[in-house]
Amino acid sequence: LVGCLGAAVVILTYLATRGREREADGEPPVPIARLPGLVLANRPFLLVSGMILTQALAQAFVLSGAAYFFTHARGEPDTLGLSLGVLIGGVGLFVPVWTVIQRRIGKRATWLFGAVWSSLALAGLAATSQMALPFFLAAMALSAFGFAALGIAGFAMLPDTVEHGEWITGVRVEAALVSVLTFTQKCASGLASWGVGLLLAIAGHTQATPMAGEAAVTFGVWLFAIPSIAIALSLPLAFVYRLDAGEHARLVEALAARRAGPPS
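In this report, the structure presented in the accompanying data block is examined.

The rules we used
- Residues numbered from 1 in each chain as written.
- Predicted model: local features only at pLDDT ≥ 70, side-chain atom pairs only at ≥ 80, totals over all residues.
- Heavy atoms only, no water.
- Helix = DSSP H or I, 4+ residues; strand = E, 2+ residues; numbered from the N terminus.
- Buried < 20%, exposed > 50% of the residue type's maximum accessible area, 1.4 Å probe, protein only.
- Areas by Shrake-Rupley, 256 points an atom, 1.4 Å probe, with all protein chains shown as cover.
- Lys, Arg positive; Asp, Glu negative; His and termini not counted.
- Charge placed at Lys NZ, Arg CZ, Asp CG, Glu CD.
- Polar contact = N/O pair within 3.5 Å; in protein donor to acceptor, adjacent residues only side chain to side chain.
- Contact = heavy atoms within 4.5 Å.
- Expected span 1.5 Å × (residues − 1).
- Patch = residues over 30% accessible without salt bridge, like charges linked within 9 Å, V, L, I, M, F, W, Y side chains within 5 Å.
- Salt bridge = Lys/Arg side-chain N within 4 Å of Asp/Glu carboxyl O.
- Axes fitted to C-alpha atoms, helices over the stretch in contact; angles between N-to-C directions.
- Parallel < 35°, antiparallel > 145°, perpendicular 65-115°, else oblique.
- Left-handed = near helix turned anticlockwise from the far one by under 90°.
- Nonpolar A, V, L, I, M, F, W, Y, C, P; charged D, E, K, R; others polar.

Description of the overall build of the protein chain
Alright, step 1. For the protein chain, the helix and strand inventory stands at 10 helices and zero strands.
Alright, step 2. Shown N-terminal to C-terminal, the secondary structure of the protein chain runs as helices and strands in the order α-α-α-α-α-α-α-α-α-α.
Alright, step 3. Put simply, the protein chain has 264 residues, and 39% of those count as buried.
Alright, step 4. A total of about 14,200 Å² of accessible surface is found on the protein chain, and carbon and sulfur atoms cover 71% of it.
Alright, step 5. Across the protein chain, 16 positive and 14 negative side-chain charges occur, with their mean positions spaced 4 Å apart.

Below is the structure:
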């Protein structure tokens, strides 16, 4: 069912999207060999990619270890669905809220606020990992509020970096940037799965001898502490990101003038 819905959304997006035709504009295709250099020349894109990497790593880390956490660290496997429902459902619920807030305070400020909030909320999850379920669910909801901000801000900043890259290099390669970002997210997911596996190994977890006692508690703490640290690492990147709405508007105007060419 989810796969069918996802496919329908992709198809509808394709049918509803209109863009410039490169062939009609006389623009030759960009050789693949040039793409790495064009991507690396786009400093704002590299910063945004690093920021989104920390977010993807944090979320994948929590989701990858959730079943082990609720089964062994908390000893409440039946609460897995409820807790993840609060986290994932909360993100969906808070996205419209952050969409409105972002229009008022800007994309970079939204990321900074969301990163600080998420990092502290994940630290709260680590601290409440063995507390009663209502306290833990409250910490989950607070984490969802921060994750929603990061999801909105990161992908809102990405299109702005396309114009910056075009201005610097003279070539517009949005497809390459999106591909690199998708690859980055996949790497984060794989790294998170490896990290959870390593954490399980340190806790002495095997199918024959599941972790228990202090090792299980420690696993639960680090399952949330590591994502908290990961998201905190995005703060320096966001601080040096300077492509705000005003600068982006000037870039768009300058690019339009450059495409139009000198007045006849």
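Further notes follow.
Side note on the side chain of histidine 205
Alright, step 1. Within the fold, histidine 205 resides in the loop between helix H7 (174-202) and helix H8 (213-232).
Alright, step 2. Histidine 205 sits in the buried class, given a relative accessible area of 18%.
Alright, step 3. There is a polar contact of 3.2 Å between the side chain of histidine 205 and the backbone nitrogen of methionine 211.
Alright, step 4. Aside from chain neighbours lying at most four places away, what touches histidine 205 is Tyr68, His72, Leu200, Pro210 and Met211.

Here we look at helix H4 (residues 80-105)
Residues that lie three or four places apart on an α-helix share one face, since the helix turns once every 3.6 residues.
Alright, step 1. Its 26 residues place the ends of H4 35 Å apart at the C-alpha level, agreeing with the 38 Å of an ideal helix rising 1.5 Å per residue.
Alright, step 2. Check the buried side of H4 and you find it contacts helix H3 (43-73), helix H5 (107-127) and helix H6 (133-169).
Alright, step 3. Once H4 ends, the next one or two residues include glycine 106, with phi positive near 100°.

Describing a nonpolar patch on the surface
Alright, step 1. Judged by side-chain polarity, Ile11, Leu12, Tyr14 and Leu15 come together as a nonpolar surface patch covering roughly 480 Å² of accessible area.
Alright, step 2. With relative accessibility at 56%, the residue leucine 12 sits in the exposed group.

Brief notes about the packing of H5 against H6
Alright, step 1. Look at H5 against H6: their axes get within 8 Å of each other, and the N-to-C directions meet at 150°. Judged on the interaxial angle alone, H6 and H5 are roughly antiparallel. Seen from above, H5 lies across H6 with left-handed handedness.
Alright, step 2. Counted by class, the contact of H5 with H6 contains 18 nonpolar, seven polar and three charged residues.

Quick look at the pattern of salt bridges
Alright, step 1. The final tally for this structure, using the stated rule, is six salt bridges.
Alright, step 2. Of the charged contacts in the structure, one is a salt bridge between aspartate 160 and lysine 107, with a shortest N-O distance of 2.8 Å. Of this pair, aspartate 160 sits in helix H6 while lysine 107 sits in helix H5, and the two are 53 residues apart along the sequence.
Alright, step 3. Residue class for aspartate 160 comes out buried when judged on its relative accessible area of 6%.

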